[in-house]
Amino acid sequence: MATKRSLAAALDLAEPAAIEGLAPGAPVDRPTVRQALRRARPGCVVPARLGRRPVALVVLPDGSAYAVDDRCPHDGGPLSSGFVDGGALVCDRHGWEVDVCTGRCPLRPGAGVASRRVR
């Protein structure tokens, strides 16, 4: 069964302005992947950034973590608003699934996003 955890439950960040060490031009409302990993729990998806690039930090139920481009291959919307279902990140708008290990959409050949293991 898929579960969806809110950003508030996954991270205990007071305000975006309180995030330390922001790179110039970086999205101010996102922690770095390293910062997000400190507070993320298995089974959650958290908006984060890898340098200046917005990513969805996905922590699988086994604790492994991946930084996935925060862009749905279907319509470009944010994948970070989705949820984890096994080893997949599911877009909460249209249900497109992305295998977080490969970045590919299993049911949509040729569609996918960049994905990188971070833990």
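Here we summarise the structure given alongside this text. What you see is a predicted model; the values in this text were computed from it and never measured.

**Describing the environment of Asp92**
Along the chain, the position of Asp92 falls in the loop between strand S5 (88-90) and strand S6 (97-99). Note on Asp92: relative accessible area 32%, which makes it partly exposed. Linking Asp92 and Gly77, residues 15 residues apart in sequence, is a C-alpha distance of 9.8 Å. Of the polar contacts made by the side chain of Asp92, one reaches the side chain of Ser81; its length is 2.9 Å.

**Quick look at the packing of aromatic side chains**
Inspection of every chain in the model, using the stated rule, returns 0 aromatic pairs. If you follow Arg108 out to its NZ or CZ, it ends over the ring of Trp96, 4.4 Å from the centre.

**Let's talk about the nonpolar core**
It is characteristic of soluble globular proteins that their nonpolar side chains tend to be buried jointly. Of all hydrophobic cores here, the largest spans 17 residues; its most connected members are Val58, Val68, Leu79, Leu89 and Val100. Taken together, the elements giving at least two residues each to this core come down to strand S2 (53-59) and strand S3 (65-69). Not counting residues up to four positions away in its chain, the partners in contact with Leu89 are Val45, Ala56, Val58, Val68, Leu79, Gly82, Phe83, Trp96, Glu97, Val98 and Val100. Counting residues in hydrophobic clusters, the runner-up holds 12 residues, among them Ala36, Ala48, Val55 and Ala67.

**So, the environment of Ala36**
With respect to the helices and strands, the residue Ala36 is situated in helix H2 (residues 33-39). Separated by 21 residues in sequence, Ala36 and Leu57 place their C-alpha atoms 7.6 Å apart.

**Overview of the pattern of salt bridges**
Tallied over the full model, the rule gives 4 salt bridges. Put simply, Asp75 and Arg93 hold a salt bridge, and the shortest N to O gap is 2.6 Å. Placement of the pair is Asp75 in the loop between S3 and strand S4 (83-85) and Arg93 in the loop between S5 and S6, with a sequence separation of 18 residues. Judged by its relative accessible area of 40%, Asp75 is partly exposed. Between Asp92 and Arg93 there is a salt bridge whose closest N-O contact spans 4.0 Å. One salt-bridge network, held together by shared partners, links Asp75, Asp92 and Arg93.

**Comments concerning the side chain of Arg30**
Along the chain, the position of Arg30 falls in the loop between helix H1 (7-10) and H2. On the accessibility criterion, Arg30 (12% relative accessible area) is buried.

**What to know about the sheet that holds S5**
Here 3 strands make up an open sheet; going across it, the order is S4-S5-S6 and the pairing antiparallel. The strands lining the two open edges of the sheet, one partner per strand, are S4 and S6. Averaged over all neighbouring strand pairs, the angle between strand axes comes to 35°, with direction disregarded. Where S5 and S6 come together, 3 bridges link them in antiparallel fashion. Along S6, the bridge assignment pairs Val90 with Glu97.

Parameters and conventions
Residues numbered from 1 in each chain as written. Predicted model: local features only at pLDDT ≥ 70, side-chain atom pairs only at ≥ 80, totals over all residues. Heavy atoms only, no water. Helix = DSSP H or I, 4+ residues; strand = E, 2+ residues; numbered from the N terminus. Buried < 20%, exposed > 50% of the residue type's maximum accessible area, 1.4 Å probe, protein only. Polar contact = N/O pair within 3.5 Å; in protein donor to acceptor, adjacent residues only side chain to side chain. Phe/Tyr/Trp six-rings, centres within 6.5 Å; stacked < 30°, edge-to-face > 60°. Lys NZ or Arg CZ within 6 Å of the ring centre and 35° of its normal. Core = buried A, V, L, I, M, F, W, Y, C linked by side-chain atoms within 4.5 Å. Contact = heavy atoms within 4.5 Å. Salt bridge = Lys/Arg side-chain N within 4 Å of Asp/Glu carboxyl O. Pairing = 2+ DSSP bridges. Axes fitted to C-alpha atoms, helices over the stretch in contact; angles between N-to-C directions.

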